[in-house]
Structures are given as C-alpha cells and as structure tokens.
Amino acid sequence: MSMSVNLPAVTVLGLGPMGRSLAGAFLRAGLRTTVWNRTPGKDGELTERGAAGAESAEEAVAAGEVVVVCVVNYDACDAVLRRDEVARALKGRTVVNLTADTPSRARDTARWAAAHGIGYLDGAIMTPAPSIGTPEAVFLHSGPRDLYETYRPVLDVLGGTHTHLSEEIGRAAAYDIALLDIFWTAMAGYAHAVAIARAEGVTARELAPFAQGIGAILPPLFEEFARDADSGTYSGGINPVSSAVSTMAHVVEVSESHGIDAGVMRAVEGMARRVIGLGHGTDGIIRVAEMLGRH
Ligand code: NDP
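Quantities reported herein were computed from a predicted structural model and do not represent experimental measurements.

Draft legend 1. Focus on the overall build of the protein. Along the protein, the regular secondary structure elements total 12 helices and eight strands. Projected onto its principal axes, the C-alpha positions of the protein cover 60 × 40 × 35 Å. In the protein, the share of contacts with a sequence separation of at least 24, taken over all contacts with a separation of at least 6, comes to 63%. When the accessible surface of the protein is split by element, carbon and sulfur atoms take 58% of a total near 15,300 Å². Across the protein, 25 positive and 34 negative side-chain charges occur, with their mean positions spaced 3 Å apart.

Draft legend 2. Summary view of the site of the ligand. Among the 22 residues in the neighbourhood of the ligand, the closest are listed as Met18, Asn37, Arg38, Thr39 and Lys42. Between the ligand and the protein, one listed contact pairs an oxygen atom with a backbone N or O atom of Gly16 at 3.4 Å. A distance of 3.2 Å separates an oxygen atom of the ligand from a polar backbone atom of Pro17. In the complex, the protein chains occlude 73% of the 880 Å² of accessible area that the ligand would expose alone.

Draft legend 3. Molecular detail of the packing of helix H10 (residues 241-257) against helix H11 (residues 263-277). At a closest axis distance of 9 Å, the pairing of H10 and H11 adopts a crossing angle of 155°. Judged by the inter-axis angle, H10 sits roughly antiparallel to H11. Like other packed secondary-structure pairs, H10 and H11 cross with a definite hand, here left-handed. Every residue of H11 that contacts H10 at Val241, Ser242, Val245, Met248, Ala249, Val251, Val252 and Glu256 is listed here: Met265, Arg266, Val268, Glu269, Ala272, Arg273, Val275 and Ile276. A class-by-class count of the residues in the contact of H10 with H11 yields 11 nonpolar, one polar and four charged.

Draft legend 4. Structural detail: the sheet that holds strand S2 (residues 33-36). The eight strands are arranged S3-S2-S1-S4-S5-S6-S7-S8 in an open sheet whose pairing can be described as mixed. Both outer strands of the open sheet, strand S3 (52-53) and strand S8 (161-166), are each paired with one neighbouring strand and no more. As defined by bridge partners, strand S5 (residues 94-97) adjoins strand S6 (residues 119-125) across four bridges and the pair is classed as parallel. Directly across from Asn97, in S6, lies its bridge partner Asp122. Strands strand S1 (10-13), strand S4 (66-69), S5, S6, strand S7 (138-142) and S8 of the sheet are contacted by helix H7 (residues 145-156), whose axis makes an angle of about 170° with S8.

What counts, and where the lines are drawn
Residues numbered from 1 in each chain as written. Predicted model: local features only at pLDDT ≥ 70, side-chain atom pairs only at ≥ 80, totals over all residues. Heavy atoms only, no water. Helix = DSSP H or I, 4+ residues; strand = E, 2+ residues; numbered from the N terminus. Contact = heavy atoms within 4.5 Å. Areas by Shrake-Rupley, 256 points an atom, 1.4 Å probe, with all protein chains shown as cover. Lys, Arg positive; Asp, Glu negative; His and termini not counted. Charge placed at Lys NZ, Arg CZ, Asp CG, Glu CD. Near = heavy atom within 4 Å. Polar contact = N/O pair within 3.5 Å; in protein donor to acceptor, adjacent residues only side chain to side chain. Axes fitted to C-alpha atoms, helices over the stretch in contact; angles between N-to-C directions. Parallel < 35°, antiparallel > 145°, perpendicular 65-115°, else oblique. Left-handed = near helix turned anticlockwise from the far one by under 90°. Nonpolar A, V, L, I, M, F, W, Y, C, P; charged D, E, K, R; others polar. Pairing = 2+ DSSP bridges.

See the structure below:
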C-alpha cells in the first residue's frame, strides 16, 4: 500500500502488545517503519511485513523523523531515551510518547526533551492494543499544538479518534489517570461482586446480563454528575447519600459474612459517611469528589 508515501519515516521504540500494534498500523499504511525493543526477538512478524529492525535504540531513532515510544512506564522510557547516544540521535526529531505514566513524569520528560533540542508530544491510549488501526481506537494528546498539527497525519494512520487536549504537556496523562481510576475501581468492584455472587451460589455467567445493566446506568450518570460537580449543586435527586449508604453497608455485611475482604466497599461506605457527617446527606454521591478535594 502506498497511500502514505508523503508521510515521514517513523520509528517505534518498545514492542510489547501495544508497540507491535502501533508499528503494524504504520506498516499497513505504507510508512517507512523502523522498530526496536530492549529484548531482541520481538520484531519478527513486523520485519517480515517490511519493518526495518534496528540493532540499537540510537540506530532506530536515526531512521525516523517521528519516534513513537511505547514501553511499560517512564522509568523504562528514561532507560531507553536518556542515554547520550540516543539523545544525540533524537536532536531535531519529534518524540511522540504513548507510554502511560503520571502528569509529572510527562512534564519532566518534556523538560528533558526541550533541553536536548527534541520535539515532544505526550499521549495516552485509552483502548486496547487490538483497537489500533480501527475506528475504535482512542488517543489523547498534549503538547505544542503546531507540532501536533504537523504530525497529525502520522497519528491518523493509527486510526480512531485523536484529541489534542492542551498545550500543557501533562494533560493527556491527567486524563489517563482519571479514566484509569474509573476503570480499575470498576473492575475491582466487578471482581469483588463475582466473589460475593459465587459465595451465594450465583455464577459469573448468571450475573453477567445484570452486571451489564449496571454498567449501562453509568454513562448518563457521568453526564448528570459532571454538571453537578462543575456547578457545585450536588443535588441528591432520587438517590441521596443518606439512602445509598445503607446499600453499601449491606454489601460489606454480606461480603464479610462469607469471609470475603470488604476493604474496597468499606472505603466507599466511609466516604459516604463522611459526606453525611459534613451535613450533606441529601446530596448525591458525587459530593464525595468535592469532599475528597478538600483533603
Ligand atoms: P507493557 O506495558 O507490558 O510494556 C512492555 C514494553 O516495555 C516492552 O517493549 C518492554 O521491553 C518494555 N520495557 C519494560 N521495561 C523496560 C526497560 N527498563 N527498558 C526498556 N524497555 C522496557 O506492554 P504494552 O505494549 O501492552 O504497553 C505499553 C504501554 O502502552 C504501557 O504504558 C501501557 O500502559 C500502554 N497501554 C497498553 C494497552 C494495551 O492494550 N496493551 C492499552 C492502553 C495503553 P522488553 O520486551 O525488553 O521487556
């Protein structure tokens, strides 16, 4: 395929499941793609499809105008990027860091890049590796808008939707952290629910359709609660914290009656009781956000 002959050459550093998917999408679109991974032997399928496999990170970097980094975290990024040979090879190029980590690590990496004459964009991928190259992929970006616009056609090759959130380099990571907070606490809640259901003789499969129903309640609540949180109204509506807290206590009671750790729900109940203690029992659960923000 040659639709992308006018796009710059790309390098992908990091060939875990996500790095391999990113490189695969570049190859599919016909971009000249060079790949490297700390542990050799992960580029086989990509080189068979036309990628150049580099012997070292500096060799890989030298082959691409845009260097996409996707490793486990920023400690790994630092181990790859912050070596003299690599920093020298990166000078004048642009790093698009799609590794997940914290906003402060993104800011620190941006300072390092600026000090070494390296263009820097930071991004977060909100969908799993198989989504890359499909309409389902979701990417969040932050950093200099002109740099983003320059390389937008390269990013578009990765499919899905790309949103430039802010020039503030930590913003993509900030969204990522907030969204991961939702995801992992929800998954912990689900895993805990399965443990309780099993203890009561209900299989995960039997629970699944109703669990999906609970999931479907959430999207409209995110809209409604966002309005409340941003306007500071916290209306309790049909489900004030004073009522909700007793259902939380039931989960704790049943859980512990089966000897199942109820730590997560105890924490949730504790937050709800603090809201009530502050005199906001008629408010909705989103009042918790305001309470937590006050420390
Ligand atoms: P991992 O998060 O498992 O990261 C594996 C990659 O990190 C490998 O290339 C590995 O190299 C490299 N690595 C780890 N430690 C070091 C180090 N010290 N020095 C150099 N390289 C190192 O794999 P993924 O590809 O799944 O994820 C990459 C990033 O994408 C992560 O930040 C993840 O959170 C994010 N992401 C992943 C998604 C997914 O579906 N997989 C979804 C959304 C985001 P080696 O092979 O040598 O160990």
